[in-house]
Amino acid sequence: MTEPGTEPGTDPGSGPGADPGSGPGSAPATEPPGRVSEDYTEALLGRPLELRRRDVSRGAEVSLLSARKFWHALGFPVVDTDDQLFTAADQKALAAVAGIVRDGLLDEQVALAMTRAFARSSDRLAGWQSQLIAEAVEEHMSAAMAHAADDDEHETRSVPTVETATETARRLAELTDRLEPLLVYAWRRHLSATVARMLADADPESYGMTKMRSVGFADLVSFTALVRRLSERDLARLVSRFEALSADVITAHGGRLIKTVGDEVLFTTMGAAPAAAIALDLVDTMTQDDVLPAVRCGMARGPIISRLGDVFGTTVNRASRLTAVAQAGTVLVDATMARELASLSGFELTGQRRRILRGVGPVTPSVLRRAATTGRRQATSASVPDPNHRTGSRSDA
C-alpha cells in the first residue's frame, strides 16, 4: 500500500531534496548514518525499494487521496517526499484493496475498517515476535558474558543493545519468508473458527436471540508488589511466562484468550464446563509454578457484545468485579454459572453471601472447587444460591 501524500500539484515536500519524513524505509534526520533499520528494510519487506508514492498510486489506478486513506488505515505516517520508499508489494496490496471496493464486494468504509484490523493485529504481532527474538538473543549473549564485571547492569537493561538489535534484525530477515505462510495459515484457521462460532450463535435453538458466553478473568495476586521488587527484565519474563501458561490452559479446553493486560487474562468459552475447567487449571498451574504468584479467578455467564476482537457488556463487568473480590487461589462464579455447573459432575460449589459489586449491583457468588470425588454431583440446591434470596448468607471463602 502506498502513502500518497497530497493531491497532485500541492505537494510541498516532493523532489529529490525533500525531507525524508518518517515512512517505511526512512528514519528521523537525527539518526546517524549506517543505522541498523536501513540495513534490513529491503530484506524484511522482501522487495527492493524502487517506487515513488505516485508510481504506486498510478500503478494501482487510484488517486493519491484514496491511497493516503488506506496508508493511514495501515497505521503509517505521512510521507511528503518522492524518494523511492515503496516496493511492488505496496502497489499490489493497494490495487487489491481498491479492486475489492471497485467490484462492490465492500464499500470504502468497510474496506478501511478491515485494513485497520489487519494493521492493529499485525503491529502487535510484529512487536511481539521481535521482542521474543530479541529476548532469545539477549539470553544467549548474557550467558556468554556472565563473567563480565558489568553483568548486573546488563541484566537490568530494558532496551536492547546495538548488538542485540542487529542480531535480532538479521534473524528476523532470515526467518521472514518461512514465517509468512504460517501467518496466512493461522489467519485462515482462526477465521474458520470465528465463522463457526458466528453460525452457532445465529442458531435460535442454541441461545435464542442473544450471544451467550462464559467469561472469565484470571489475575495475578500481589502483582504491584512484584513490580516494585523485580528488575524490568525479570518482570518481563514473569509476565511472558504467565501469558504463555495461561494460553496453554485456555486453548487446551477450547477457550478463547481474548486479551492479556500485564497481570490479567480475559477468556471466553461457549459453555460453562470448559470455563470452569480453565479457571481451576489456571489456579493449579500458577500455584505449582516456582516463579509465578497465585492467581484468583472470577467468572460469569450471560450475553456479551463482541467488537474489534474484544468483548464487552454486563457479563464481562460482573466477571471482572468477581475477580477483584476473590481470594488468592480461589474461583468465584456468578449465580447463572453456578446453576449450570450444579448439574455437572466434577465440580463443587459453595454459596456465598449476597454482596453489592461496584458498577454491577447485587451478586450472589459461589466458590468453585473440584469435587473431592469426581463423577458424583457435589452441588445441591442448598449450596448454590438463589440470586433473589437475601437471607441465610455465608461469608466468602
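Structure first, text after, so check above.
On a predicted model such as this, the values are computed, not experimentally measured, just so you know. (Residues numbered from 1 in each chain as written. Predicted model: local features only at pLDDT ≥ 70, side-chain atom pairs only at ≥ 80, totals over all residues. Heavy atoms only, no water.)

S.K.: Quick question: what am I supposed to make of the overall build of the chain here?
M.R.: Across its full length, the chain holds 13 helices and 11 strands. Scored against the burial criterion, the 397 residues of the chain give a buried share of 38%. When the accessible surface of the chain is totalled, it reaches about 21900 Å², and 55% of it is carbon and sulfur. (Helix = DSSP H or I, 4+ residues; strand = E, 2+ residues; numbered from the N terminus. Buried < 20%, exposed > 50% of the residue type's maximum accessible area, 1.4 Å probe, protein only. Areas by Shrake-Rupley, 256 points an atom, 1.4 Å probe, with all protein chains shown as cover.)

S.K.: Looking at this structure, how should I read unusual backbone geometry?
M.R.: Glycine aside, the phi torsion of most residues is negative, and most peptide linkages are trans. The backbone of Glu 61 sits at a positive phi, close to 60°, despite the residue not being glycine. Looking at the secondary structure, you find Glu 61 in the loop between helix H2 (53-60) and helix H3 (64-73). One non-glycine residue, Ser 222, lies in positive phi territory at about 60°. With respect to the helices and strands, Ser 222 occurs in the loop between strand S1 (212-220) and helix H9 (223-229).

S.K.: Looking at this structure, I do not really get the nonpolar core. What am I missing?
M.R.: Grouped burial of nonpolar side chains is what soluble globular proteins tend to show. In terms of nonpolar packing, the biggest core is built from 34 residues, with Met 299, Val 331, Val 333, Leu 341 and Leu 368 touching the most fellow members. Per-element tally for this core: the top contributor is helix H11 (residues 272-288), with nine residues. In contact with Leu 368, not counting residues within four places along its chain, are Ala 276, Leu 280, Met 299, Val 331, Val 333, Leu 341, Phe 347, Glu 348 and Leu 349. By size, the runner-up hydrophobic cluster in this structure holds 16 residues, among which are Val 79, Leu 85, Phe 86 and Val 97. (Core = buried A, V, L, I, M, F, W, Y, C linked by side-chain atoms within 4.5 Å. Contact = heavy atoms within 4.5 Å.)

S.K.: What is the right way to read helix H12 (residues 314-325) from this model?
M.R.: Count 3.6 residues to each turn of an α-helix, and residues three or four apart come out pointing the same way. A rise of 1.5 Å per residue sets the reference length of H12, with its 12 residues, at 16 Å; its end C-alpha atoms lie 17 Å apart and thus fit the reference within 8%. When we look at burial in H12, the residues that qualify are Thr 315, Val 316, Arg 318, Ala 319, Leu 322 and Thr 323. The buried residues of H12 occupy an angular sector of 160° when the element is viewed end-on, so they sit on one face. Where H12 is buried, its residues touch S1, strand S4 (295-303), strand S6 (310-312), strand S7 (331-333), strand S9 (355-357) and strand S10 (361-363). (Expected span 1.5 Å × (residues − 1). Arc of directions from axis to C-beta.)

S.K.: When you look at helix H4 (residues 88-102) in this model, what are you seeing that I'm missing?
M.R.: Its 15 residues place the ends of H4 20 Å apart at the C-alpha level, agreeing with the 21 Å of an ideal helix rising 1.5 Å per residue. Considered for burial, the residues of H4 that qualify are Asp 90, Leu 94, Val 97, Ala 98 and Gly 99. A distance of 3.1 Å separates the backbone nitrogen of Ala 89 from a side-chain oxygen at the start of H4, and that oxygen is part of Thr 87. Positive phi appears at Gly 104, one or two residues downstream of H4, with a value of about 80°. (Polar contact = N/O pair within 3.5 Å; in protein donor to acceptor, adjacent residues only side chain to side chain.)

S.K.: Even after reading the chapter, I still don't get the pattern of salt bridges, so can you show me in this structure?
M.R.: Pairs can form between side chains of opposite charge whenever their charged atoms are close. With the rule as written, the count across this model stands at 16 salt bridges. Between Glu 167 and Arg 171 there is a salt bridge, with the nearest N and O atoms lying 2.9 Å from each other. Of the two residues, Glu 167 and Arg 171 both sit in helix H7 (residues 162-202), four residues apart, roughly one turn of that helix. Given the relative accessible area of 30%, Arg 171 is considered partly exposed. Measuring nitrogen to oxygen at the nearest pair gives 3.4 Å for the salt bridge that ties Arg 237 to Asp 234. Here Arg 237 and its partner Asp 234 are both found in helix H10 (residues 232-252), three residues apart, which amounts to about one turn of the helix. Overall, Arg 237 belongs to the partly exposed group, its relative accessible area being 33%. Look at Asp 234 and you get partly exposed, because its relative accessible area is 32%. Members of the salt-bridge network, linked through shared partners, are Glu 167, Arg 170, Arg 171 and Glu 174. (Salt bridge = Lys/Arg side-chain N within 4 Å of Asp/Glu carboxyl O.)

S.K.: Any chance you could explain the packing of aromatic side chains here in plain terms?
M.R.: Within a pair of aromatic rings, the relevant descriptors are the distance that separates the centres and the angle that separates the planes. Applying the stated criterion across every chain, the model contains three aromatic pairs. Cluster of aromatic residues (ring-pair linked, three or more members): Trp 71, Phe 76 and Phe 86. (Phe/Tyr/Trp six-rings, centres within 6.5 Å; stacked < 30°, edge-to-face > 60°.)

S.K.: It is not clear to me how the side chain of Ser 214 should be interpreted in this structure. Could you clarify?
M.R.: Examined against the element boundaries, Ser 214 turns out to sit in strand S1. Ser 214 sits in the buried class, given a relative accessible area of 0%. Separated by 2.9 Å, the side chain of Ser 214 and the backbone oxygen of Gly 271 make a polar contact. Beyond its immediate sequence surroundings of up to four residues, Ser 214 is in contact with Phe 267, Thr 268, Thr 269, Gly 271, Ala 272, Ala 275, Ala 300, Arg 301 and Met 337.

S.K.: I'm lost on the pairing of strand S3 (residues 264-269) in this one. Help?
M.R.: Within a regular beta strand, the side chains point alternately toward one face of the sheet and then the other, so they alternate between its two faces. Of all six residues in S3, five are buried; the element is thus mostly enclosed. Where S1 and S3 come together, six bridges link them in antiparallel fashion. Bridge assignment links Gly 216 to a residue of S3, and that residue is Phe 267. Note: strand S2 (residues 256-261) against S3, five bridges, orientation antiparallel. Across the sheet, residue Val 261 finds its bridge partner in S3, namely Glu 264. Counting the residues in the hairpin turn of S2 and S3 gives two residues, including Gly 262, whose phi is positive at 65°. (Pairing = 2+ DSSP bridges.)

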